[in-house]
Amino acid sequence: MVKTVGISALALVAVAALLGPRANAGGHRAAHRPPNFSGLWTNNSLTELERPDDFKALVATDGEANAFEKANRGKPPAIGDKTNPVGGPDSEWWERDVSLARIRGQLRTSWIVSPADGALPFTPAARAANKATRSRQRVDLDGPESRDLDERCASIDAAGPPLNNGGLNDNFQFVQTPDHLVVSAEWMHAVRIVRLVSEGNGDARHPPQAIRLPMGDSIGHWEGKTLTIETTNFRPQDVKAPDGDPRVDMRIVERLTRLSPTEILYAFTVSNPARYTQTWQAEMLLRTTKGPIYEYACHEGNYALAGMLAAARRLEGRTIDGVSAGGASPNK
């Protein structure tokens, strides 16, 4: 999986132009102008979704933050470093020369603010299913269908909902018109279209539950200067990391509020009774970035997956550390 320079904003602008603007039934728009989120944004940070064991509370002290950042910041190694040469993952992939996120002056240890422990509130059944999925994927190399969507370059969740980060490719481009917000993610080149509605302008209803859409159906409306987006109607085959979390019963509400010319407060809540013991909530900081947004040259069926499966065929009949290396699934 390689990222190569290349895409411009023109394609997104063209999409947005085709989508809008559109006058309401009376041919007029409201006089007020809501904030415009168009631009390049990043959530790259040492703060991530769940709280690491290094911290016990949502807000870190300066001392805790300094110790964590010193241990976890990653800079590209010097040329000639034999332990991680040019082309190695640390020099070419990770973008970890960053700090913990500071929201409202607080050094945040996780995006999750509720539950208080900063962990996803999986039900016991969901935890068991997650463990079984991870165990199966270690050894199940029967074919591409058995691998997770990220590994197959078929994941579509990078543009949300909700947005997330992971230490690389944490960049997004927003293109906003009066009627739509387009979110383009650098990771996995995913694009999501949110339709924006207001009084007399656009349909604020989701389609019937029988209609399921990639990334769900996202509808946004303005609450003062905050853009609130509700997403439902996910497809059963779509999953959301971590742990390949099925989203079919999810309801996600995102709220974007411009804090300054260079910052957006991005808050969201996630409900899925089939997977979580409670609705969980998170807050994230999006910062402006110079970019550019790179093409993420990863597509389903690329050579990496084919090579991995070919290696599994070569290893059939052997074992590694007592675990079957490829071939028939242990479930068969």
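Residues numbered from 1 in each chain as written. Predicted model: local features only at pLDDT ≥ 70, side-chain atom pairs only at ≥ 80, totals over all residues. Heavy atoms only, no water.

Visitor: Any chance you could explain helix α2 (residues 62–72) here in plain terms?
Guide: Given 3.6 residues to a turn, an α-helix orients residues that are three or four positions apart in the same direction. Every buried residue belonging to α2 is among Ala 65, Phe 68 and Glu 69, and all of these are buried. The buried residues of α2 occupy an angular sector of 100° when the element is viewed end-on, so they sit on one face. Turned more than 90 degrees away from the buried face of α2 sit Lys 70 and Ala 71, all of them exposed. On its buried face, α2 sits against β3 (59–60) and β5 (106–108). (Buried < 20%, exposed > 50% of the residue type's maximum accessible area, 1.4 Å probe, protein only. Helix = DSSP H or I, 4+ residues; strand = E, 2+ residues; numbered from the N terminus. Arc of directions from axis to C-beta. Contact = heavy atoms within 4.5 Å.)

Visitor: Is there a simple way to explain the nonpolar core in this structure?
Guide: Here is a general trend for soluble globular proteins: nonpolar side chains tend to be buried in one another's company. Phe 174, Leu 181, Leu 227, Leu 256, Phe 268, Trp 280 and Leu 286 are the most contacted members of the largest nonpolar core, which has 39 residues in total. The set of elements that each furnish at least two residues to this core consists of β7 (171–176), β8 (180–185), β9 (191–196), β11 (226–232), β14 (251–260), β15 (263–271) and β16 (280–288). Not counting residues up to four positions away in its chain, the partners in contact with Leu 181 are Phe 174, Val 175, Gln 176, Arg 192, Ile 193, Val 194, Leu 196, Leu 227 and Ile 229. (Core = buried A, V, L, I, M, F, W, Y, C linked by side-chain atoms within 4.5 Å.)

Visitor: Explain the packing of aromatic side chains to me, please; I cannot follow it from the model alone.
Guide: Geometry of an aromatic ring pair is reported as the spacing of the ring centres plus the angle between the planes. For the coordinates displayed, the defined rule picks out eight aromatic pairs. Summarising the aromatic geometry, the rings of Phe 37 and Trp 222 are spaced 6.0 Å apart at their centres and angled 20° between planes, so their arrangement reads as stacked. Here Phe 37 is found in the loop between α1 (10–19) and β2 (39–42), whereas its partner Trp 222 is found in strand β10 (residues 217–223), with 185 residues between them in sequence. Of the two residues, Phe 37 and Trp 222, neither departs from the other in class, the shared state being buried. Ring geometry for Tyr 276 against Trp 280: centres 5.9 Å apart, planes inclined by 85°, an arrangement best described as edge-to-face. Considered together, Tyr 276 and Trp 280 belong to a single accessibility category, that of buried residues. (Phe/Tyr/Trp six-rings, centres within 6.5 Å; stacked < 30°, edge-to-face > 60°.)

Visitor: Honestly, the environment of Arg 313 in this entry has me stumped. Any pointers?
Guide: Tracing the backbone through its elements, the reader meets Arg 313 in helix α5 (residues 303–315). For the pair Arg 313 and Asp 142, spaced 171 residues apart in the sequence, the C-alpha separation amounts to 8.8 Å.

Visitor: Sorry if this is basic, but what is going on with the pattern of salt bridges here?
Guide: In the structure shown here, the tally under the stated rule is seven salt bridges. The partner of Arg 205 in a salt bridge is Asp 203, and the shortest N-O contact between them spans 3.0 Å. Since its relative accessible area comes to 61%, Arg 205 is described here as exposed. Each of Arg 104, Arg 108 and Glu 283 takes part in one network of salt bridges that share partners. (Salt bridge = Lys/Arg side-chain N within 4 Å of Asp/Glu carboxyl O.)

Visitor: Sorry, what's going on with the state of the cysteines here?
Guide: Put plainly, a disulfide is one covalent bond tying together the sulfur atoms of two cysteines. For the structure on display, the rule yields one disulfide. Across the disulfide from Cys 153 sits Cys 298; the S-S distance is 1.7 Å. Classification of the bridge connecting Cys 153 and Cys 298 rests on its S-S torsion, roughly -80°, and on that basis the disulfide is left-handed. One end of the pair, Cys 153, is in the loop between α4 (124–139) and β7; the other, Cys 298, is in the loop between β17 (295–297) and α5, and 145 residues separate them in sequence. Residue class for Cys 153 comes out buried when judged on its relative accessible area of 7%. Note on Cys 298: relative accessible area 1%, which makes it buried. (Disulfide = S-S within 2.5 Å.)

Visitor: Just checking my understanding: could you explain the pairing of β10 for this structure?
Guide: The side chains of a regular strand alternate, residue by residue, between the two faces of the sheet. Of all seven residues that make up β10, five are buried, and the element is covered over most of its length. As paired elements, β9 and β10 share two bridges and run parallel to each other. The residue of β10 that forms the bridge with Leu 196 is Gly 220. Bridging between β10 and β11 involves seven bridges; their strand directions are antiparallel. The partner of Glu 223 across the bridge, within β11, is Thr 226. (Pairing = 2+ DSSP bridges.)

Visitor: Before we go on, may I ask you to explain the pairing of β7 in this structure?
Guide: Most of β7 is tucked away, with six of its six residues classed as buried. Of the two faces of β7, both are covered, the one formed by Asn 171, Gln 173 and Val 175 as well as the one formed by Phe 172, Phe 174 and Gln 176. Across four bridges, β2 lies against β7 in antiparallel orientation. Its bridge partner being in β7, Gly 39 is matched across the sheet by Phe 174.

Visitor: Looking at this structure, I do not really get the sheet that holds β3. What am I missing?
Guide: The strands that make up a sheet are held in pairs by hydrogen bonds between backbone atoms, and each pair lies either parallel or antiparallel. Strand order in the open sheet formed by three strands is β3-β5-β4, with antiparallel pairing between adjacent strands. For this open sheet the edge positions go to β3 and β4 (102–103), each flanked by a neighbour on one side alone. Pairing between β4 and β5: two bridges, direction antiparallel. Residue pairing for β5: Arg 102 is matched across the bridge by Leu 107.

Visitor: Got a minute to help me understand the confidence of the model for the protein in this structure?
Guide: Detailed reading of the predicted model is not advised wherever pLDDT is low. Across the protein, the average pLDDT comes to 81, with 77% of residues at 70 or higher. In the predicted structure, residues 1–10 sits below a pLDDT of 50 and forms 26 contacts with residues beyond four places in sequence or in another chain. Within the model, pLDDT remains below 50 along residues 325–332, and this stretch shows 20 contacts once partners closer than five positions in the same chain are excluded. (pLDDT = per-residue confidence, 0-100.)

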